[in-house]
Each structure stands twice: as C-alpha cells, then as structure tokens.
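Residue-level structural notes
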Amino acid sequence: MTEAINHAERSHALLSASASSRWLACTPSARLEEQFPDSTSVFAEEGTLAHEIAELKLRKHFTEPLTQRTFNTRLNKLKKKELFQEEMLKHTETYLDYLKEITLGMKTTPYVAVEKRVDFTAYVPEGFGTADCIIIGGDTLYVNDLKYGKGVAVSAEDNPQMKLYALGAYLEYGFLYSFKKVHLSIVQPRLDSISEFEISLDDLLAWGESVKPLAEQAFKGEGEFVPGEHCKFCKAKATCRARADQYTALDDFKQMKPPLISNDEVGAILEKGLAIESWVKALKDYALTESLKGNDIAGWKAVEGRGSRNYTDIDKAFEHLKANNIDEAVLYERVPLTVPKLEKELGKAEYRTLLEEPGLVVKTTGKPTLAKASDKRKAVTNEVSAEDDFK
Ligand code: SF4
C-alpha cells in the first residue's frame, strides 16, 4: 500500500484500512481528524514512486505481457521523476522476487491482481482500499504489501490493515475460489524485513464480525478517546485533550513514596516518559507551526535556527585554494570506509574472500541497550553463568 494511496484512501474513506489500528483503538479519532488538513511528505511521494515501479514490474511479470520495449519506455518515464533513486530498482526487485517465490511453488497457475481496489463496506462503513498484490493459489489467499519506508519495521502479525484488505479480497473472490487460509505479508526491502502471518479464513471472518460494532462507532464519531501508541500518527496528536490529560495527570508519580523507588516503578516511569517524549515532540512541532503562522503560543516564539556556511561552488573554491598554494591534503579528509560500506562496494563474495576468510574482520556485539520487554532480541545480563565460569 503506498503512502500516497494511503493518503488518497484517507481523503476519501473516513475509515481507511491504513489508519485502522488507530480508529479501532480510539473510535472517535477518525471524526476528530476530519478538521485537520491532509498532508503529504517527500517520504510519502518517494514511496509512491517506488510503488509505481513495483507495479510496472509486477504487471509485466504476472498480469500483462508487456513487450520489453513498452516496459523500458514506461520505466524510463518513471526514472525521470525527480525523486527517483537507483536503489528503487533493487528494492522493487526484492519485492518481485518474494512474490515470484510464492507463485513458483504452486501446482496450478495462480490468480494474481496488482494494485487491486478492495471494498470492505460489509464490515466497515464506506471502507475501501488498494491492496498492492493479491495472489490466490491452492487453498490460500495471499495479500501482499510493499512498504518503502525505512523507519520502523511493520509486522504483518494480526495487522488490521492487512486483515481489512483480506476481507475485501474475500468479498471479491470468495465465491469464485475456495480458499481456507489467508497469508498476509509485508515486504519492507529497505529494512531487509519480510513479515508474514497466516490466519484461517474462519478466524478472519470472525475478526471481521468483531470489527463491525467498532467501525459503526468510529463512523459516527462515538466512543471513548483512548490514547496509546497509535496516537503517533493521529492528526490530533499534538492538541488532543485525551492525550494531554494522560500526561498532565501525573498524580500516580506523586504517590510513589520517597526515598527510593522500586524497579517496578522505574519500569512504569520509563514507559510513561517515552510516551511523553513523543508527545512533547508533537507539541513542539505544532507550536512552531502555529508561531510561524503568527499565532500566539504563550511563552514561546519562533526564531531563526543556527545557520551554516557553505561553498557557493565547491569546485571553484577548491581550484582557487590550490592555485593559491594550499595543499590538497589540507582540503580533504581520507576516511576509511566502514565494513558494511566496503562490503557493499566489493560485493558479498569478494568481501568474504578478501576480508572475512583471512580473518581481517571481527564481529563484536553492540553495547547493551535498554529495550522494551516485548523486543524480539534475547535479554542479556552481566552475570557470568556457571557454564561460562567453568570455561
Ligand atoms: S491523539 Fe490519540 S487519543 Fe487523541 S484522538 Fe488521536 S488517537 Fe485518539
């Protein structure tokens, strides 16, 4: 699902699939967001372009026998776009390879739909969206999503956006094909992440039923405001009262009696502190935007940031310096490439032969860092186990 399609989806569907984790958790948020303007970002536009390239490749491979010439003409057109980056070709290939792998193992020719509009109004009022790629083969419906972002890896596990697309796909194809299982996948090539999740059709349909009353509430703008992780992408994130109240009502901290707090309390405060950090950031962004508009934010104002000095023309400047006897060594820093960068330059095979095999690279573990208990990495301690001690 492209961010731009998400964007289009949002401007037309009040209850978009892409925002479903929010409106399912905080039902009045969708109506509250209506009073905020739509916005887009360069990252969203970059995502749209990567999706257009992926779509072209998928169509050529799966659904439309484009001649190489037509394909090249269309691709070249996309390559001319301002936000095009060479790496988009590689990342879209990773996505295509993943989908090819799914279809290769199938005994019969699968059905494939690319950028398919799905309608799930039977579950969510006015609910529709665009699924990046739907594949039906054997007894399984595959709903696949390309995410071009490289911020956070998105999990397909119980992902409501993906499940809504799957419900839409079921409504569209359920009477033509008899699938029993639904396979959801999110491919995020820039993070080397492919997340997969399988659910039975029965469980998906049961989930759909559970969504109906919440979607009804959300459509009417009813229910409780429930702040949480999902606030991060809400348009009301800075000025929402429910969100502010949860941080300004800090009474529970006061009840923690001195002189020392317990480890349980440390965990609880950290949890709250991180959420406050993200909320304060949203508030700062909002206050700056307001101040720049000339609106008053009590006690704050916008000022010019620290400037920087730049060459008007670096080639010309350096030529001039050299002509005036400034040594090149003064002008450039020789910095060795990091191991990952060098591996990229040399390619995996040569990197292995030249550096890894002769033992010229050593792998060290990172410095211990604090993570949430839900983090997938194994917990570490400084304690020496009896086994290590023995060794
Ligand atoms: S900021 Fe959070 S609590 Fe407020 S409306 Fe948005 S999702 Fe709900």
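As annotated in an unreviewed UniProt entry, the protein carries the name DUF2800 domain-containing protein and comes from Oceanobacillus arenosus.

1. Concerning the sheet that holds strand E3 (residues 140–146)
Read across the open sheet, the 5 strands follow the order E1-E2-E3-E4-E5; overall the sheet is mixed. With one partner strand each, in any of the chains shown, strand E1 (111–119) and strand E5 (193–200) form the two edges of the open sheet. Strand-to-strand twist of the sheet, defined as the mean angle between neighbouring strand axes without regard to direction, takes the value 25 degrees. Both strand E4 (residues 181–188) and E5 contribute to a ladder of 8 bridges, which runs antiparallel. Across the sheet, Leu 184 pairs through a bridge with Phe 197, a residue of E5. With respect to the sheet, helix H4 (residues 42–63) is in contact with E1, strand E2 (128–137) and E3, its orientation differing from that of E1 by roughly 135 degrees. Running at roughly 105 degrees to E1, helix H7 (residues 160–173) makes contact with E1, E2, E3, E4 and E5 of the sheet.

2. Looking at the packing of aromatic side chains
All chains considered together, the criterion is met by 6 aromatic pairs. Measuring from ring centre to ring centre gives 5.7 Å for Tyr 111 and Tyr 177, while their planes differ by 40 degrees; the resulting arrangement is tilted. Residue Tyr 111 is found in strand E1, and its partner Tyr 177 is found in the loop between H7 and E4; the two are separated by 66 residues along the sequence. Look at Tyr 177 and you get partly exposed, because its relative accessible area is 30%. Here Tyr 311 and Phe 318 contribute two aromatic rings whose centre-to-centre distance is 5.5 Å and whose plane-to-plane angle is 90 degrees, an arrangement assigned as edge-to-face.

Scoring rules and cut-offs
- Residues numbered from 1 in each chain as written.
- Predicted model: local features only at pLDDT ≥ 70, side-chain atom pairs only at ≥ 80, totals over all residues.
- Heavy atoms only, no water.
- Pairing = 2+ DSSP bridges.
- Helix = DSSP H or I, 4+ residues; strand = E, 2+ residues; numbered from the N terminus.
- Axes fitted to C-alpha atoms, helices over the stretch in contact; angles between N-to-C directions.
- Contact = heavy atoms within 4.5 Å.
- Phe/Tyr/Trp six-rings, centres within 6.5 Å; stacked < 30°, edge-to-face > 60°.
- Buried < 20%, exposed > 50% of the residue type's maximum accessible area, 1.4 Å probe, protein only.

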